[in-house]
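# Analysis of the macromolecular model
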Amino acid sequence: MKLKRVFAAVTAFAMCAALAGCGAEAAVSESAAESAVESAVEAAPETEETADAAAEAALRIAGLKGPTTMGLVNLMSDEVASSYDFTMYGAADEIVPLLVKGELDAAAVPANLAATLYNKTNGAVEVACINTLGVLYIVENGDTVNSVEDLKGQTIVTTGKGATPEYVLRYVLSENGIDPDKDVTLEYTSEATEALSKVQAGEATIAMLPQPFVTSALSQVEGLRVALDMNEEWQKVAGSKLVTGVLVVRKDAVENDPEAFAAFMDGYKASVEAANNDVEGTAALCEQYGVVAKAALAQKALPQCNIVFETGDEMKNDLATYFNVLYAADPASVGGSLPADDFYYVG
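These numbers were taken from a predicted model, which means no experiment stands behind them.

The rules behind the values
Numbers given for residues are sequential positions, taken from 1 along each chain in its written order. Given that the model is predicted, a residue must reach a pLDDT of at least 70 before its local features are reported, and side-chain atom pairs must reach 80 or more before they are shown or counted; all residues, however, enter totals for whole chains, interfaces and linings. In computing side-chain values, all of the structure's heavy atoms are included and hydrogens and water are not. Labels follow the DSSP assignment, with helices taken as runs of H or I lasting at least four residues and strands as runs of E lasting at least two, numbered in each case from the N terminus. Burial here depends on accessible area, computed with a 1.4 Å probe over protein chains only, as a share of the maximum for the residue type. Under 20% is buried, over 50% is exposed, and the range in between is partly exposed. Working rule for contacts: check all heavy atoms of both residues, and any pair within 4.5 Å makes them a contact. Fitted lines through C-alpha atoms give the axes, limited to the stretch in contact for helices. The angle between two N-to-C directions lies from 0 to 180 degrees. Any angle between 65 and 115 degrees counts as roughly perpendicular, while under 35 counts as roughly parallel, over 145 as roughly antiparallel, and the rest as oblique. Each crossing is labelled by how the near helix is turned from the far one, with a counterclockwise turn of less than a right angle marking it left-handed and a clockwise turn marking it right-handed. Throughout this description, the term nonpolar core refers to a set of buried Ala, Val, Leu, Ile, Met, Phe, Trp, Tyr and Cys residues connected via side-chain atoms within 4.5 Å. In this description, one arc is meant: the one made by directions from the helix axis to the C-beta atoms. Paired strands are those between which DSSP finds at least two bridges. Here, the term right-handed applies to a crossover whose path from the first strand over the helix to the second runs clockwise when the strands point away from the viewer.

### A short note on the overall build of the protein chain
- The number of helices and strands found in the protein chain is 16 helices and eleven strands.
- Across the 347 residues of the protein chain, 55% fall into the buried class.
- The contacts of the protein chain with a sequence gap of at least 6 include a subset with a gap of at least 24, amounting to 82%.

Here's what the structure looks like:
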């Protein structure tokens, strides 16, 4: 097994910055995602040699530092891990060209990026499973927010301008009768650490932050608490679960060896179950593989990271609802059009 170790242990505050990237898997800029895919398609068309090599090699899987890879670490350490080539990257735009060129077979990526990849590669990829549900939370340094309605008239500091977090927040607010342009003030920052620093400095009392950054932030700011779980609030108004990450796979990789991919999916499912049932052991593996700097922090964060293995009709329903909301906000957020039925892996 090969695992690219591109992250180093850092100080406590810097570790928070790294953890912010875990939740930022949901915050890929839609325009950036689309341009990255388009550039990859134009600059690096797949060759026959690449396709032939993919057919002979072990399944090549990429992950991002964060919850999506937390669900994979038990499979990485399993005795069958030698059948797979695991690589971890710091940002989704590093994965895109490799997947487009056929140098990767599968990758854990933000859900909206999966849709964009499908559209920009003329359906060359499909989504195999949902691996992470909502990781966004409203936190407050105070005790005034106990429902979405309580956000009316408030200032909310958040990341993700022009990306999924903005669309999720605006949708939840609107569905609860709050005009996001008139009834609240949305203040955007470039990183979750910047949003938290405003709360720490007393410049703001309410922020929307991702896990597992929230877990670390709660230990840093006295009086900070989780006021709202955006996954729960989304489900109340959308009737489906809020999605963060998925596993996307090249269709040719599945077609080359359907049984091998099915076996991988079985192993992945078991790995996710272990992540949820053996938190301590999974946390240790997260530190071992560099997914999180310290096992203790991973152990605290894992129960709040909403790591799942969702396939079939349930996956399709949750993703379709999610994509419809994103498409209504900005068609570019899903690559210009809603994915067709062949986007969903059926095994």
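Text resumes after the structure shown.
### Focus on the packing of helix α8 (residues 164-175) against helix α11 (residues 230-238)
- Contact pair α8 / α11: the axes reach a minimum separation of 10 Å and the direction vectors enclose 50 degrees. By the criterion of interaxial angle, the relationship of α8 to α11 is oblique. Our pair here, α8 against α11, has a crossing hand that is left-handed. Taking contact as the criterion, the partners of Val168, Leu169, Tyr171, Val172 and Glu175 in α8 are, on α11, Met230, Glu233, Trp234, Val237 and Ala238.

### Concerning the side chain of Thr159
- By the element assignment, Thr159 lies in the loop between β6 (155-158) and α8.
- By relative accessible area, which is 11% here, Thr159 ends up buried.
- In contact with Thr159, other than residues within four places in its own chain, are Pro165, Tyr188, Thr189, Ser190, Glu191, Ala192 and Met208.

### Here's the deal with the nonpolar core
- The biggest cluster of nonpolar side chains holds 58 residues, and the ones touching the most others in it are Ile138, Leu151, Trp234, Val246, Leu319 and Phe323.
- When neighbours within four sequence positions are excluded, Leu151 is seen to be in contact with Ile138, Val145, Ile156, Leu173, Asp183, Val184, Ile206 and Leu228.
- Judged by nonpolar contacts, the second largest core, of 37 residues, contains Ile61, Met70, Tyr84 and Val292.

### Comments concerning helix α14 (residues 279-288)
- By the burial criterion, the buried members of α14 are Val279, Thr282, Ala283, Leu285 and Cys286. Projected onto a plane normal to the axis of α14, the buried residues spread over an arc of 160 degrees and lie on a single side.
- Lining the buried residues of α14 we find α4 (67-70), α5 (73-76), α13 (258-277) and α15 (295-301).
- Two residues or fewer after α14 comes Gly290, characterised by a positive phi angle close to 80 degrees.

### Structural notes on the sheet that holds strand β9 (residues 224-229)
- Within the open sheet, the five strands sit side by side as β7-β6-β8-β5-β9. Their pairing is mixed. Strand pairing shows two members of the sheet lacking a second neighbour, β7 (185-188) and β9, which therefore form its edges. Neighbour-to-neighbour, the strand axes of the sheet open up by a mean angle of 30 degrees, direction not taken into account.

### Topic: the environment of Val214
- Take Val214: it is sitting in helix α10 (residues 213-220).
- Considering only alpha carbons, one finds Val214 and Leu196, 18 residues apart in sequence, at a separation of 9.4 Å.
- Beyond its immediate sequence surroundings of up to four residues, Val214 is in contact with Tyr137, Val139, Leu209 and Val226.

### Digging into the pairing of β7
- Pairing between β6 and β7: four bridges, direction parallel. Looking across to β7, one finds that Thr155 is bridged to Thr185.
- Taken together, β6, α8 and β7 form a β-α-β motif whose crossover is right-handed.

Any functional reading would require information that these geometric values do not contain.
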